Amino acid sequence: MPAADARTSPSGTEAAPGAVPGTGAVPRAAEPEDAAAAEEAEEASAFGHDPVPPDATAAYGSHPDQVVDFYRPRGPAHGRPAPLVAVLHGGAWRAAYDRAHVSPLAARLAAEGFAVASVEYRRGGAGGGHEGPSAPIPPVPPGADPSAAQEGAEALPTAGRWPDTFDDVAAALDALPRLAAAALGADAIDPRRVVVTGHSAGGHLALWAAARHVLPPESPWHRSSPPPFRGVVALAPIADLASSIRLRVCSGAVLDLLGGPDHAAARLPHADPAALLPTGIATTIVHGTTDNVVPPQVSAAFVSAAAAAGEEPTVAWLPATGHFPLIDPAAPACVTVVDEIAQLAW
């Protein structure tokens, strides 16, 4: 059966050092001598940029969070209307993080010649919290009660809203071509070249949005046909919800997103990208090998599920790279992100 493509990244680093060829296995990468310090520096760099105001903002609903920021393409347009890149921000589906923290990435993509739509959506909780545990938490053993994954996470705001988070992503992306044409001009964008990208929790939502036609027919988000995307570029995505629950990714955020452990079994088939395969839509995963927020094993589990379903996602494993450089315009990892989007968009 087809397997993931683990290739060399355009920044010149080998994308899958130590991986078993043709398996999509997580590469065996050495940890930095001071992994905590390296991770802290990466996060500080990614969040150290000033927010970049959009060229236009449009609403797709009546709630204050139901808005999309648009950035006009400023780079080379290849002599034709620009592809449209939809960006779904991360933050463990928690309200503490909004689209402002990915606005520098949106501006970088616009500078590369893309029209960019940065989507806001309803999240859970309010106030503080952090996209990941502050200290290592042992994983939940296979077969153990997944509700244990919420232990130690009580201090964090609730992650996600069911069904609101999914309602918003579906509505925003369905309305996107119309909103983009009104905001940027119909002659500025090519609605046939839409690429969806997302980071972390936003990567989960990007993969989910591309799989709505695979949802159970009774799902309120089911589409009768595939969404009109050229592809998805998922950045350190929470791509496999079952493994993310076992690994306690983002301190129980996945169970929060599903409405709590009592609802997990019933709602996973409607929310888990790894259970919604094959999609028939080109998919690229970009993941750092030293990511301690969303471990690379989560992407590896998705890749294995895709291979079992007969699909072949492209995977770029970035060595010695953590969670946040993928959205940091100043980081070498961003070169890979831009290139992977361009390969699908053009």
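A short tour of the structure in this document, coming up. What you are looking at is a predicted structure, and each value in this text was computed from that prediction instead of being measured.

### Section: the environment of aspartate 339
Here aspartate 339 is to be found in helix H9 (residues 333-345). It is 9.8 Å that separates the C-alpha atoms of aspartate 339 and glutamate 112, two residues lying 227 residues apart in sequence. At a separation of 2.8 Å, a polar atom in the side chain of aspartate 339 contacts the side chain of glutamine 343.

### A short note on the nonpolar core
Phe70, Trp93, Leu109, Trp208 and Ile238 are the most contacted members of the largest nonpolar core, which has 99 residues in total. Broken down by element, this core gets its largest block of residues, 10 residues, from helix H3 (residues 164-184).

### Remarks on the pairing of strand S5 (residues 115-119)
Of all five residues in S5, five are buried; the element is thus mostly enclosed. Because side chains alternate across S5, one face comprises the buried residues Ala115, Ala117 and Val119, and the other comprises Val116 and Ser118, equally buried. Bridge count between strand S4 (residues 82-88) and S5: five bridges; the pairing is parallel. Bridging from a neighbouring strand, valine 85 pairs with valine 116 of S5. Where the polypeptide runs from S4 across helix H2 (residues 103-111) and back to S5, its parallel neighbour, the crossover connection is right-handed.

Rules of the game
Residues numbered from 1 in each chain as written. Predicted model: local features only at pLDDT ≥ 70, side-chain atom pairs only at ≥ 80, totals over all residues. Heavy atoms only, no water. Helix = DSSP H or I, 4+ residues; strand = E, 2+ residues; numbered from the N terminus. Polar contact = N/O pair within 3.5 Å; in protein donor to acceptor, adjacent residues only side chain to side chain. Core = buried A, V, L, I, M, F, W, Y, C linked by side-chain atoms within 4.5 Å. Buried < 20%, exposed > 50% of the residue type's maximum accessible area, 1.4 Å probe, protein only. Pairing = 2+ DSSP bridges. Right-handed = clockwise from strand over helix to strand, strands pointing away.

Read these as spatial facts, not as claims about activity.
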